[in-house]
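Examination of the molecular architecture
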Protein chains: 2
Amino acid sequence: MLVDGKPVDSVPATDRGLNYGDGLFETIRLHQGRPCLLERHLHRLRAGCVRLALPYPGDRALRQDIERLVDAQEGDAVLRLVLTRGDGGRGYAPSPNAQGRRIVALHPMPPVGPDALRVGLCTTRLGRNTTLAGLKHLNRLEQVLAAAEVAAAGWDEGLMLDEAGLVIEATRHNVFFLRADRISTPPLTHAGVAGVMRQLVIEAADAMSMGGDEQPLRYDELHEIDSLFLCNAVAGVRCVKRIGSRAYEPGDALERLRSALVERGVTWLA
Amino acid sequence: MLVDGKPVDSVPATDRGLNYGDGLFETIRLHQGRPCLLERHLHRLRAGCVRLALPYPGDRALRQDIERLVDAQEGDAVLRLVLTRGDGGRGYAPSPNAQGRRIVALHPMPPVGPDALRVGLCTTRLGRNTTLAGLKHLNRLEQVLAAAEVAAAGWDEGLMLDEAGLVIEATRHNVFFLRADRISTPPLTHAGVAGVMRQLVIEAADAMSMGGDEQPLRYDELHEIDSLFLCNAVAGVRCVKRIGSRAYEPGDALERLRSALVERGVTWLA
């Protein structure tokens, strides 16, 4: 782990990430010692910093940290990048001169689990907030509580609705659904994390003329769709086998999507 | 500052408070070296731990930390208590065996500012989430962004609406309003922090037969009310002088409220 480029494993207790969740993060797949989709992760991080007026440490500093950490790494792993607004006194108002803090940590590759997931519906909802929607920020209590539900129920994953009853995402995946031969994903204008893999799947589905559009999906519409897919930047794309009593068939869409993603450079899905 | 009872000023970068905002906090006024309303703060903290299934370190450990920190303190100051779910690996799901972490820090008393505040309307909204509403949790990006608006505009405080357009609170105060000789406060079932001072004001207004009920308040109803008050556990109760072009008169309600609070033991308001 590196904190502001130094090999330490702690941060000051005055850090605003700790006190207010005032920051952003990225979770990056490392495949055969190389960070996957790094450009896209850095792009999202920069865009998030603009939205939160958070200091961005620059691509160069982040790339150097990553290179140092993955230097001796040959297998698969996960990199976690955290940017916070750095130290601050008591009080919500950020200092206009805030010096941000960056934390880059290497984690073992988690077990990816089955290719077809048993999914439950979480009772924890996602709040609707246009200011924060889409961002991978550090305010993640909703996901923490939903993930606890998933663990308690023994599901592989949990689907999350927003407060309006719309399907938004799963606790650690974005959601795509197949209906009338088109692959769509819920819009994230009011809730949810705009995942790097989600954007790639949108582009791949569009390139195959299979859709890739954003369509709202109510929970009661889940019985009308043909397939449901989950994706993230660590595990790639997988299908949902079952939600409650409703079973889904992936058809050939999953393999076609994966092939399109491999063609677009996501070779570790092959 | 004490972290788990030890005089250190840092936490492991694996702390879930930092990575997910997975925790709660309290802001406690210290008056003449004594923590004010401590029972109520600890009560809220315990209740919040139950709602988040967060480990509670026990009243005794927290009281001991506080006593050590305020030992040599004779004047006014602010204590900040933070409880997090402690260390965790990557991934949202909390460990069922999580050992929490407690951070108790002493801060200088902030300038309390004027007794009648110039308030603006923040464009940052509060998301609506019944699971998290009322809690003083560490997911505070909405307040951070709203507080930045307040600072940029030069207001004393900023009023925050939820995504449904209801007045909920200010960035660091709860809100009370006087209409037809009754003092009411917005319900916090969908958003907002259920403040310790808010609860005291509810009880005081009720005891004076002046109301103390929860009533929704839309932004466009602000011109119909007679007075608007803000309160928190550090500054007590103050009135709003102006929101935009709308001016308010406190009438005698503010003084009556304060007297009732002093009678109920909030002697530092006298």
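Residues numbered from 1 in each chain as written. Chains lettered and ligands numbered in written order. Predicted model: local features only at pLDDT ≥ 70, side-chain atom pairs only at ≥ 80, totals over all residues.

**Topic: the overall build of chain A**
The number of helices and strands found in chain A is six helices and 15 strands. Computed over the C-alpha atoms, the radius of gyration of chain A is 19 Å, within 12% of the 18 Å expected from 2.2 N^0.38 for a compact globule of 270 residues. Principal axes of the C-alpha set define a box for chain A whose edges measure 50 × 40 × 35 Å. Split into buried and exposed, the 270 residues of chain A put 51% on the buried side. Counted over contacts in chain A with a minimum sequence separation of 6, partners at least 24 positions apart contribute 72%. (Helix = DSSP H or I, 4+ residues; strand = E, 2+ residues; numbered from the N terminus. Rg over C-alpha atoms; globule rule 2.2 N^0.38 Å. Buried ≥ 20, exposed ≤ 12 C-beta atoms within 10 Å, placed from the backbone. Contact = placed C-beta atoms within 7 Å.)

**Remarks on the environment of B:Asp9**
Take B:Asp9: it is sitting in the loop between β1 (2–3) and β2 (10–12). By the C-beta count within 10 Å, which is 13 here, B:Asp9 ends up partly exposed. Each C-alpha atom, one on B:Asp9 and one on B:Ile103, is 9.0 Å from the other, the two residues being 94 residues apart in sequence. Ignoring sequence-local partners within four residues, the contact set of B:Asp9 consists of A:Pro12, A:Ala13 and B:Met1.

**Overview of the nonpolar core**
One finds A:Leu81, A:Val201, B:Leu81, B:Val201 and B:Val240 to be the most contacted residues of the largest nonpolar core, which totals 164 residues. Apart from the residues within four sequence positions on either side, A:Val201 is in contact with A:Phe176, A:Cys231, A:Val237 and A:Leu257. (Core = buried A, V, L, I, M, F, W, Y, C linked by C-beta atoms within 7 Å.)

**Here we look at the domain arrangement of chain A**
Residue and element names in this part refer to chain A. Along its sequence, chain A is carved into domain 1 (2–108) and domain 2 (116–269). Residue-level contacts link 18 residues of domain 1 with 10 residues of domain 2. Element by element, the count of residues in the side of domain 1 that touches domain 2 is highest for strand β3 (residues 23–31), at eight residues. (Domains from an automatic or database assignment.)

**Quick look at the pairing of β3(A)**
Residue and element names in this part refer to chain A. Of all nine residues making up β3, seven are buried, and the element is well covered by its neighbours. Across two bridges, β3 lies against strand β4 (residues 34–35) in antiparallel orientation. Across the sheet, Leu30 pairs through a bridge with Pro35, a residue of β4. Where β3 folds back onto β4 in an antiparallel hairpin, the turn is made up of two residues, including Gln32, whose phi is positive at roughly 50 degrees. (Pairing = 2+ DSSP bridges.)

**Considering the interface of chain A and chain B**
Much of the literature gives interface size as the accessible area that the parts lose upon coming together. On the chain B side, the residues contacting the 51 residues of chain A number 51 residues. Counting residues per element, the side of chain A that touches chain B draws most heavily on helix α4 (residues 141–153) of chain A, at nine residues. Taken together, the residues of the side of chain A that touches chain B break down into 25 nonpolar, 15 polar and 11 charged. With three bridges connecting them, strand β2 (residues 10–12) of chain A and β2(B) associate as antiparallel partners. Of the residues in β2(B), the one forming a bridge with A:Ser10 is B:Pro12. (Nonpolar A, V, L, I, M, F, W, Y, C, P; charged D, E, K, R; others polar.)

**So, the environment of B:Leu141**
In this fold, B:Leu141 is placed in helix α4 (residues 141–153). Sequence-distant contacts of B:Leu141, that is, excluding residues within four places in its chain, are made with A:Tyr20, A:Gly21, A:Asp22, A:Leu132, A:His137 and A:Asn139.

**Quick word on the sheet that holds strand β4 (residues 34–35) of chain B**
All names here are of chain B. The sheet built from five strands is open, its strands ordered β1-β6-β5-β3-β4 with antiparallel pairing. Across the chains shown, the open sheet's two edge strands, defined by having one partner strand only, are β1 and β4. Of the strand pairs in this sheet, strand β3 (residues 23–31) and strand β5 (residues 77–84) are connected by eight bridges, and their pairing is antiparallel. Considered in β5, the bridge of Phe25 is made with Val82. Of the strands in this sheet, β3, β4 and β5 touch helix α2 (residues 38–52), which is tilted by about 180 degrees from β3. Of the strands in this sheet, β1, β3, β4, β5 and β6 (101–108) are in contact with helix α3 (residues 59–70), which crosses β6 at around 30 degrees. (Axes fitted to C-alpha atoms, helices over the stretch in contact; angles between N-to-C directions.)

**Here's the deal with the relation of the copies chain A and chain B**
Take chain A, turn it by 180 degrees, move it 0.0 Å along the axis, and it overlays chain B with an RMSD of 0.0 Å. Read as a symmetry element, the transformation amounts to a two-fold axis. Within chain A, A:Leu18 has its C-alpha nearest the rotation axis, a separation of 1.9 Å. Mapped onto chain B, 100% of the interface residues of chain A again fall at the interface, so both copies present the same surface. (Least-squares fit on C-alpha atoms with pLDDT ≥ 70 in both.)

**Section: helix α5 (residues 196–207) of chain A**
All names here are of chain A. Under the 1.5 Å per step criterion, the end-to-end length of α5 is 17 Å for 12 residues, consistent within 8% with the ideal 16 Å. Those residues of α5 not exposed but buried are Val196, Met197, Arg198, Leu200, Val201, Ile202, Ala204 and Ala205. Ser209 sits one or two positions beyond α5 and adopts a positive phi of about 55 degrees. (Expected span 1.5 Å × (residues − 1).)

**Some remarks on the environment of A:Gln199**
All names here are of chain A. On the secondary structure map, Gln199 appears in helix α5. Accessibility expressed as a C-beta count within 10 Å gives 19 for Gln199, which makes it partly exposed. In the structure, Gln199 is positioned 159 residues away from Arg40 in sequence and 9.3 Å away in space, judged by C-alpha atoms.

**A word on the confidence of the model for chain A**
When pLDDT is averaged across chain A, the result is 95; 100% of the residues are at 70 or more. The complex model carries a pTM of 0.96, and its ipTM stands at 0.95. (pLDDT = per-residue confidence, 0-100.)

**Side note on the sheet that holds β4(A)**
All names here are of chain A. Read across the open sheet, the five strands follow the order β1-β6-β5-β3-β4; overall the sheet is antiparallel. Every interior strand has two partners, whereas the edge strands, β1 (2–3) and β4, have only one. Sitting on the sheet, helix α2 (residues 38–52) touches β3, β4 and β5 (77–84), and the angle it makes with β3 is about 180 degrees. Running at roughly 30 degrees to strand β6 (residues 101–108), helix α3 (residues 59–70) makes contact with β1, β3, β4, β5 and β6 of the sheet.

**Some thoughts on the packing of helix α5 (residues 196–207) of chain B against helix α6 (residues 253–263) of chain B**
Two quantities define a packed helix pair, namely the angle between the helix axes and the distance between the axes. All names here are of chain B. Two elements in contact, α5 and α6, have axes separated by 9 Å at closest approach and are oriented at 105 degrees. With respect to their mutual orientation, α5 and α6 come out roughly perpendicular. Contacts between α5 and α6 involve Leu200, Val201, Ala204, Ala205 and Ala207 on the former and, on the latter, Leu257, Ala260 and Leu261. Here the residues of the contact of α5 with α6 are counted per class, giving eight nonpolar, no polar and no charged. (Parallel < 35°, antiparallel > 145°, perpendicular 65-115°, else oblique.)

**Thoughts on the pairing of strand β10 (residues 174–179) of chain B**
Residues and elements named next belong to chain B. Along β10, five of the six residues are buried, which leaves the element largely enclosed by surrounding structure. In terms of strand pairing, β10 meets strand β13 (residues 227–232) through five bridges, oriented antiparallel. Paired with Val175 across the strands is Leu230, a residue of β13. Both β10 and strand β11 (residues 182–185) contribute to a ladder of three bridges, which runs antiparallel. For Phe177, the partnering residue across the bridge sits in β11 and is Ser184.

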